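Read off the chains here:
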Amino acid sequence: MEFLPPLINEGREMWLTTVRALPNLGMAVLTLLFFWLISMLVKRIVKKLAESSGIRPSLIGLFETMAGALVWTIGVLVSLTIVFPSLTPAKLLAALGLGSVAVGFAFKDIFENFLAGILIMLRKPMRIDDFIECGDVSGRVEKITIRDTYVRKIGDELILVPNSLLFKNPVFISTDQ
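Only a predicted model underlies this, so the values are computations on that prediction, with no experimental measurement involved.

A. Up close: the overall build of the protein. When its secondary structure is counted, the protein shows five helices and five strands. Its helices and strands taken in sequence order, the protein reads α-α-α-α-β-β-β-β-α-β from the N to the C terminus. In terms of C-alpha radius of gyration, the protein reaches 25 Å, well past the compact-globule figure of 16 Å for 177 residues. For the protein, the spread of C-alpha atoms along the principal axes amounts to about 85 × 40 × 30 Å. The 177 residues of the protein split such that 23% are buried.

As structure tokens, then:
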């Protein structure tokens, strides 16, 4: 039974390490709670400012979500620094940078549609109920989202057109005024 004392010692060390980390974990949870409250406040402010500017409702939702995500990202980085004091913000940002390159390549098409959707909404080249033609797609625009545009064909079929297709190719808008 010579293996039992080292196991007991290792278990005791793990328990002591956990107990020593509790204050840092508590501070990290409080920090996350604080940043959650700040995130809610920032989202309300962004929503009110965007609504008063008269932009499209889907863009208001986008700006609100992005502002909240930015505040949450900062909160998570601060909390990680509290829990792991040896982890500096520079190391965290470097890891995020490398990770974002990998994610960027993996989700290239999704990001492309996302950015095209933002640009379509900002430029306002087409609106709901416009009749459009783009390549093989023609019909009335029912909805424009960040990722795709809903086009209802004359035969009452609904087509979800990726925004990158509409952004990269000529779009003929028949009902534009």
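B. Looking closely at the environment of Tyr150. Checked against the element boundaries, Tyr150 lands in strand E3 (residues 148-152). Taking the C-alpha atoms as reference points, Tyr150 and Leu165, 15 residues apart in sequence, are found 13 Å from one another. Beyond its immediate chain neighbours, meaning those up to four positions away, Tyr150 contacts Arg140, Val141, Glu142, Lys143, Thr145, Leu158, Ile159 and Leu160.

C. Representation of the pattern of salt bridges. In this structure the tally under the stated criterion is six salt bridges. Ionic pairing is found between Arg152 and Glu142, a salt bridge with its closest N-O pair at 2.7 Å. Remark: Glu142 occurs in strand E2 (residues 137-144) and Arg152 occurs in strand E3; sequence separation between them is 10 residues. Here Asp156 makes a salt bridge to Arg152, at a shortest N to O gap of 3.9 Å. A relative accessible area of 55% places Asp156 in the exposed class.

D. Molecular detail of the packing of aromatic side chains. This model, assessed by the stated rule, comprises one aromatic pair. Pairing Phe34 with Phe35 gives two aromatic rings, centres 5.6 Å apart and planes at 85 degrees, and the pair type is edge-to-face. Look at Phe34 and you get partly exposed, because its relative accessible area is 48%. A cation over a ring is seen here: Lys143 above Tyr150, with NZ or CZ 5.4 Å from the ring centre.

E. Up close: helix H2 (residues 57-83). Its 27 residues give H2 an end-to-end C-alpha distance of 39 Å, which sits within 8% of 39 Å, the value for a rise of 1.5 Å per residue. When we look at burial in H2, the residues that qualify are Leu59, Ile60, Leu62, Glu64, Ala67, Gly68, Val71, Gly75, Leu77 and Ser79.

F. Representation of the environment of Gly139 within the structure. Considering the arrangement of structural elements, one finds Gly139 in strand E2. Exposure remark for Gly139: the relative accessible area of 0% places this residue in the buried category. It is 8.9 Å that separates the C-alpha atoms of Gly139 and Leu158, two residues lying 19 residues apart in sequence.

G. Structural view of the side chain of Thr149. Positionally, Thr149 belongs in strand E3. In this structure Thr149 comes out as buried when scored by relative accessible area, which is 0%. A polar side-chain atom of Thr149 sits 2.7 Å from a polar atom in the side chain of Asn163. Beyond its immediate stretch of four places on either side in the chain, Thr149 contacts Met126, Val141, Lys143, Ile144, Ile159, Leu160, Val161, Asn163 and Leu166.

H. Structural view of a nonpolar patch on the surface. A grouping of Met27, Leu30, Leu33, Trp36, Leu37, Met40, Trp72, Val76, Leu80 and Phe84 is seen on the molecular surface, where their side chains present a nonpolar patch of about 900 Å² in accessible area. Counting residues per element, the ones that place at least two in the nonpolar patch are helix H1 (4-53) and H2. A per-element tally of the nonpolar patch places H1 first, with six residues. Examined against the element boundaries, Met27 turns out to sit in helix H1.

I. How the structure looks around the sheet that holds E3. Ordered by their spatial adjacency, five strands build an open sheet running E4-E3-E2-E1-E5, and the pairing between neighbours is antiparallel. Strands at the two margins of the open sheet, each flanked by one partner only, are strand E4 (158-162) and strand E5 (172-173). In the sheet, strand E1 (residues 131-134) pairs with E5 via two bridges, with the strands oriented antiparallel. In the sheet register, Glu133 faces E5, and the bridge partner there is Phe172.

About the cut-offs
Note that residues are indexed from 1 along each chain, following the sequence as it is written. Note on the predicted model: pLDDT of at least 70 is required for a residue's local features to be given, and 80 or more for side-chain atom pairs to be given and counted; whole-chain, interface and lining totals, by contrast, use all residues. The side-chain quantities take in all heavy atoms of the structure and omit both hydrogens and water. Every helix listed is a DSSP run of H or I at least four residues long, and every strand listed is a run of E at least two residues long, numbered separately from the N terminus. Computation of the radius of gyration draws on C-alpha atoms alone. For the globule rule, the value is 2.2 Å times the number of residues to the power 0.38. Think of it in three bands: residues with accessible area under 20% of the maximum for their type are buried, residues over 50% are exposed, and the middle band is partly exposed, with areas taken using a 1.4 Å probe on protein chains only. In what follows, a contact means two residues having at least one pair of non-hydrogen atoms within 4.5 Å. Just to be clear on terms, a salt bridge is a Lys or Arg side-chain nitrogen sitting within 4 Å of an Asp or Glu carboxyl oxygen. Any two of the Phe, Tyr and Trp rings considered here, Trp counted by its six-membered ring, make a pair once their centres fall within 6.5 Å; the pair's planes then place it as stacked at under 30 degrees, edge-to-face at over 60, or tilted in between. Here, a charge over a ring is recorded when the distance from Lys NZ or Arg CZ to the ring centre is within 6 Å and its angle to the ring normal is within 35 degrees. Multiplying one less than the number of residues by 1.5 Å gives the expected span of a helix. N or O atoms within 3.5 Å of each other form a polar contact, as long as, within protein, one can give a hydrogen and the other can take it, and as long as residues adjacent in sequence are counted only when both atoms are side-chain atoms. Residues enter a patch when their relative accessible area is above 30% and they make no salt bridge; the linking distance is 9 Å between like charges and 5 Å between nonpolar side chains (Val, Leu, Ile, Met, Phe, Trp, Tyr). Where accessible areas are quoted, they stem from the Shrake-Rupley method and a 1.4 Å probe; at the residue level, only the protein chains shown are allowed to cover. The pairing criterion is simple: DSSP has to find at least two bridges between the two strands.

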